[in-house]
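# Survey of secondary and tertiary structure
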Amino acid sequence: MASIKTEKHEAIVLSSQSEKELQKQLVEMVKQSPMPDDELLQNIGLYLSSKNLSRILFFYEIYQKILNTHGVVMEFGVRWGQNLGLLTALRGIFEPFNRHRKVIGFDTFGSGFIGVTEQDGKAGKIKDGDFSVSDNYDAYLSKVLEIQEALNPIGHLKKFSLEKGDGSKTIHDYLKRHPETLVSLAIFDFDIYQPTKACLEAIKPHLFKGSVLVFDELCDDIFPGETVALRETLGISNLRIQRMPMTARVSYVVIE
Ligand SMILES: C[S@@+](CC[C@H](N)C(=O)[O-])C[C@H]1O[C@@H](n2cnc3c(N)ncnc32)[C@H](O)[C@@H]1O
């Protein structure tokens with residue numbers, strides 16, 4: 001069986017060998033693009049595969065669900081930060097003056113997984129340190145998000161933060177610093193049981209009717225820990241766990 005780990009950083013990808021080859025070709029085409037620099041970003045759609053576009057469409061739909069709710073967006077498990085960029089752009093389009101809609105990302109930003117336990121099973125052969133990113137990546141990401149914010153109204157007000165470290169701890173530090181927090185959207189993508197459970201418990205008092213929770217790995221046999229964490233915190237039988245047809249794996253819950 002082909003490897004399910006990426007070439008670097010031990011992330012898991014389930015693409016077939018031929019898909020991987022085609023993706024490699026597309027990356028080469030981006031690197032060798034004859035487009036001039038000042039036209040490249042406007043034309044980024046040329047390189048979006050259906051899979052990558054589907055994630056953008058999913059977050060567009062999710063963002064519509066929070067538009068009339070008050071509160072911040074939290075992402076638990078940021079990695080290279082694509083969702084933080086998308087959410088910043090969506091805020092810029094749909095509610096450019098909502099300074100309360102902060103986007104807060106929790107990740108170790110460097111050390112990858114922290115807290116793999118037996119609840120995470122053996123199928124993914126995962127261990128602490130997997131899914132790391134390059135050193136000082138948070139500084140790079142911070143700069144990108146600053147530029148994204150500056151391209152939208154009220155760019156002088158910083159509306160994102162990157163909470164670096166073990167999410168099981170940093171969530172408490174954040175909420176202590178921000179007791180005013182209402183969580184309008186929480187995206188769970190740590191993949192693993194222990195920090196997911198800790199963050200679900202921690203944000204529970206900050207959720208309200210209409211809060212939206214997104215889960216990347218519910219019912220996933222490679223990462224069983226996320227489902228166990230949800231079952232042990234909010235329970236499952238009282239939640240309407242929904243999905244959208246355009247994405248294979250992501251699901252969401254609106255608190256009722
Ligand atoms: C699958 S990646 C997130 C992918 C990202 N949401 C995306 O869509 O591109 C999982 C992330 O969770 C982070 N992570 C795992 N355990 C953590 C912990 N205890 N504290 C903070 N971050 C953790 C890893 O560093 C990794 O970046």
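Residues numbered from 1 in each chain as written. Predicted model: local features only at pLDDT ≥ 70, side-chain atom pairs only at ≥ 80, totals over all residues. Heavy atoms only, no water.

## With respect to the side chain of Thr-181
The following threshold applies: Numbering goes from the N terminus for both helices and strands, where a helix is a DSSP run of H or I of at least four residues and a strand is a run of E of at least two. Polar contacts, as counted here, are pairs of nitrogen or oxygen atoms within 3.5 Å of one another; within protein the pair requires one atom able to donate a hydrogen and one able to accept it, and residues that are adjacent in sequence qualify only if both atoms are side-chain atoms. Residue contacts are defined here by distance: any two heavy atoms, one from each residue, within 4.5 Å place the two residues in contact.
Looking at the secondary structure, you find Thr-181 in the loop between α6 (167–177) and β4 (183–188). Within polar-contact distance, the side chain of Thr-181 engages the backbone oxygen of His-178 at 2.6 Å. Beyond its immediate chain neighbours, meaning those up to four positions away, Thr-181 contacts Val-72, Met-74, Tyr-174, Leu-175 and His-206.

## Here's the deal with the site of the ligand
Selection criterion: Distances are taken per atom, and a residue is near a molecule or strand as soon as one of its heavy atoms is within 4 Å of it. Polarity classes work like this: nonpolar for Ala, Val, Leu, Ile, Met, Phe, Trp, Tyr, Cys and Pro, charged for Asp, Glu, Lys and Arg, and polar for all others, with Gly in that last group.
Near the ligand you find 21 residues, and of these Gly-77, Asp-107, Ile-114, Gly-167 and Asp-189 are the closest. Ile-114 has a polar backbone atom sitting 2.8 Å from a nitrogen atom of the ligand. Classifying every residue of the shell around the ligand gives seven nonpolar, seven polar and seven charged.

## With respect to the packing of helix α4 (residues 82–94) against helix α5 (residues 137–150)
Short version of the rule: Note on method: axes are straight lines fitted to C-alpha atoms, helices fitted across the in-contact stretch only, with angles between N-to-C directions ranging 0 to 180 degrees. For classification purposes, an angle smaller than 35 degrees is called roughly parallel, one larger than 145 roughly antiparallel, one from 65 to 115 roughly perpendicular, and anything else oblique. Helix crossings fall into two classes, left-handed where the near helix is turned counterclockwise from the far one by less than a right angle and right-handed where it is turned clockwise.
Where α4 contacts α5, the axes come no closer than 10 Å and their chain directions differ by 15°. As far as their axial angle goes, α5 and α4 are roughly parallel. By crossing handedness, the relation of α4 to α5 is classed as right-handed. Here α4 contributes Leu-84, Gly-85, Thr-88 and Arg-91 to the contact with α5, which in turn contributes Leu-141, Leu-145, Gln-148 and Glu-149. Looking at the contact of α4 with α5 residue by residue, the class counts come to three nonpolar, three polar and two charged.

## Regarding the packing of aromatic side chains
Spelled out, the test is: Pairing of aromatic side chains requires ring centres within 6.5 Å, counting the rings of Phe and Tyr and the six-membered ring of Trp. Pairs whose planes differ by under 30 degrees are stacked, by over 60 edge-to-face, and all others tilted. To sit over a ring, a charge needs its Lys NZ or Arg CZ within 6 Å of the ring centre and within 35 degrees of the ring normal.
For the structure shown, the criterion picks out 13 aromatic pairs. With centroids separated by 5.4 Å and ring planes inclined at 40°, the aromatic side chains of Tyr-137 and Tyr-140 adopt a geometry described as tilted. Remark: Tyr-140 and Tyr-137 occur in helix α5; sequence separation between them is three residues, near one turn of the helix. Ring pairs connect the aromatic residues Phe-76, Phe-106, Tyr-174, Phe-188, Phe-190 and Phe-215, which therefore count as one cluster. We note Lys-158 situated over the ring of Phe-160; from NZ or CZ to the ring centre the distance is 4.6 Å.

## Points about the pairing of strand β5 (residues 212–215)
To keep things clear, this is the line we draw: Here the term buried applies to any residue with accessible area under 20% of the maximum for its type, exposed to any over 50%, and partly exposed to those in between, with areas from a 1.4 Å probe on protein chains only. One bridge is not enough; two strands pair if DSSP finds at least two bridges between them. A clockwise course of the path from the first strand over the helix to the second, judged with the strands pointing away from the viewer, identifies a crossover as right-handed.
Here β5 shows two buried faces, one formed by Val-212 and Val-214 and the other by Leu-213 and Phe-215. Where β4 lies against β5, four bridges are found, and the strand directions are parallel. Within β5, the residue paired with Leu-185 across the bridge is Val-212. Where the polypeptide runs from β4 across helix α7 (residues 193–203) and back to β5, its parallel neighbour, the crossover connection is right-handed. Pairing between β5 and strand β7 (residues 251–254): four bridges, direction antiparallel. For Val-214, the partnering residue across the bridge sits in β7 and is Tyr-252.

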